[in-house]
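# Understanding the architecture of this molecule
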Amino acid sequence: MNDDQLSNGPYSGLRIGDLAPDFTARSTAGPVRLADFRQNWLILFSHPADFTPVCTTEFVALARGAHDFAKRDCALMALSVDSLFSHFAWLRMIRDRTGVEVRFPIIEDPTMVIARAYGMVGKEDADSGTVRTTFFIDPTGTIRAMTCYPANVGRSIPEMLRTLDALQAAGEKQLAPADWQPGDALLNPASVSLDEVFAAAEPSDWFLKGGAQ
């Protein structure tokens, strides 16, 4: 997909269940194409800018936890409007300051074409200073979850992992209840048959049904 298709397509209103728009871009790990990550899970996330305090803490935490995502067959890919060379300088600073090497790809998006296509930044915005959006993309390229934080609040890596675990465990047919953790029981969808509603032993059994662990 080229820049015109990205910027003119109906992508700024992306929703859960939509196919993630494909793109090709330069990154700190070399050229990347979103479609090349099919067959595995992918978390695509944006950050407001390089050399900013909250983003730096996020990238250190994500780099330290990258193996936890890899164990779940999930790759990480970051994006900001900064240039590739700004990314390089920032990652060098992170390594020298913390000893942590950030090896997952960070995309450059100076024209904001990709960020706007994904709704990470508004069409009229001059910069991406308020962007901190995360897309959980399954092996078919389908968006399964999205989160959006303001620039002054960093993501929770344990919650990102919990969300990924819940998506993988529940699949398309089961439900993860509030505060679900790996190993907890899942729920089954509510019945859609009036006969099953009337036949349920308890008044809530038709819609509040336990599933597998």
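This text gives an overview of the structure that appears in the document.

What counts as what
- Residues numbered from 1 in each chain as written.
- Predicted model: local features only at pLDDT ≥ 70, side-chain atom pairs only at ≥ 80, totals over all residues.
- Heavy atoms only, no water.
- Pairing = 2+ DSSP bridges.
- Helix = DSSP H or I, 4+ residues; strand = E, 2+ residues; numbered from the N terminus.
- Axes fitted to C-alpha atoms, helices over the stretch in contact; angles between N-to-C directions.
- Phe/Tyr/Trp six-rings, centres within 6.5 Å; stacked < 30°, edge-to-face > 60°.
- Buried < 20%, exposed > 50% of the residue type's maximum accessible area, 1.4 Å probe, protein only.
- Parallel < 35°, antiparallel > 145°, perpendicular 65-115°, else oblique.
- Contact = heavy atoms within 4.5 Å.
- Nonpolar A, V, L, I, M, F, W, Y, C, P; charged D, E, K, R; others polar.

### Observations concerning the sheet that holds strand 3 (residues 41-46)
Spatial ordering of the open sheet is given by 5-4-3-6-7, a layout of 5 strands whose pairing is mixed. What marks the edges here is a single partner per strand, and that holds for strand 5 (106-108) and strand 7 (143-148). Along the sheet, successive strands turn relative to each other by an average axial angle of 20 degrees, direction set aside. The sheet contact formed by strand 4 (residues 74-80) and strand 5 spans 3 bridges and is parallel. Within the sheet, the bridge partner assigned to Leu79 lies in strand 5 and is Ile107.

### Considering the packing of aromatic side chains
Under the definition given, this model contains 8 aromatic pairs. On the basis of an interplanar angle of 85 degrees and a centroid distance of 6.1 Å, the ring pair of Phe23 and Tyr118 is categorised as edge-to-face. Of the two residues, Phe23 sits in the loop between helix 1 (3-8) and strand 1 (24-25) while Tyr118 sits in the loop between helix 5 (113-117) and strand 6 (133-137), which places them 95 residues apart along the sequence. Both rings, one in Phe45 and one in Phe104, keep their centres 5.8 Å apart while their planes meet at 65 degrees; by these two values the pair is edge-to-face. You can see Phe45 sitting in strand 3 and its partner Phe104 sitting in the loop between helix 4 (84-98) and strand 5, a full 59 residues away along the chain. One exposure class covers both Phe45 and Phe104, and it is buried. Taken together, Phe45, Phe59, Trp90 and Phe104 form an aromatic cluster joined through their ring pairs.

### A short note on the packing of helix 2 (residues 53-64) against helix 4
Interaxial distance between helix 2 and helix 4 falls to 11 Å at its minimum, and their mutual angle equals 70 degrees. The angle between the axes of helix 2 and helix 4 places the two elements in the roughly perpendicular class. Taking contact as the criterion, the partners of Cys55, Thr56, Phe59, Val60 and Arg64 in helix 2 are, on helix 4, Trp90, Met93, Ile94 and Thr98. Taken together, the residues that form the contact of helix 2 with helix 4 break down as 6 nonpolar, 2 polar and 1 charged.

### Some details on the pairing of strand 3
Side-chain positions along a regular strand alternate between the two faces of the sheet. Counted residue by residue, strand 3 has 6 buried out of 6 residues, so it is predominantly covered. Residues Trp41, Ile43 and Phe45 point to one face of strand 3 and Leu42, Leu44 and Ser46 to the other, with burial holding for every one of them. Where strand 3 and strand 4 come together, 6 bridges link them in parallel fashion. Across the sheet, Ser46 pairs through a bridge with Leu79, a residue of strand 4. Here strand 3 runs beside strand 6; their pairing, made up of 4 bridges, is antiparallel. Paired with Leu44 across the bridge in strand 6 is Phe135.

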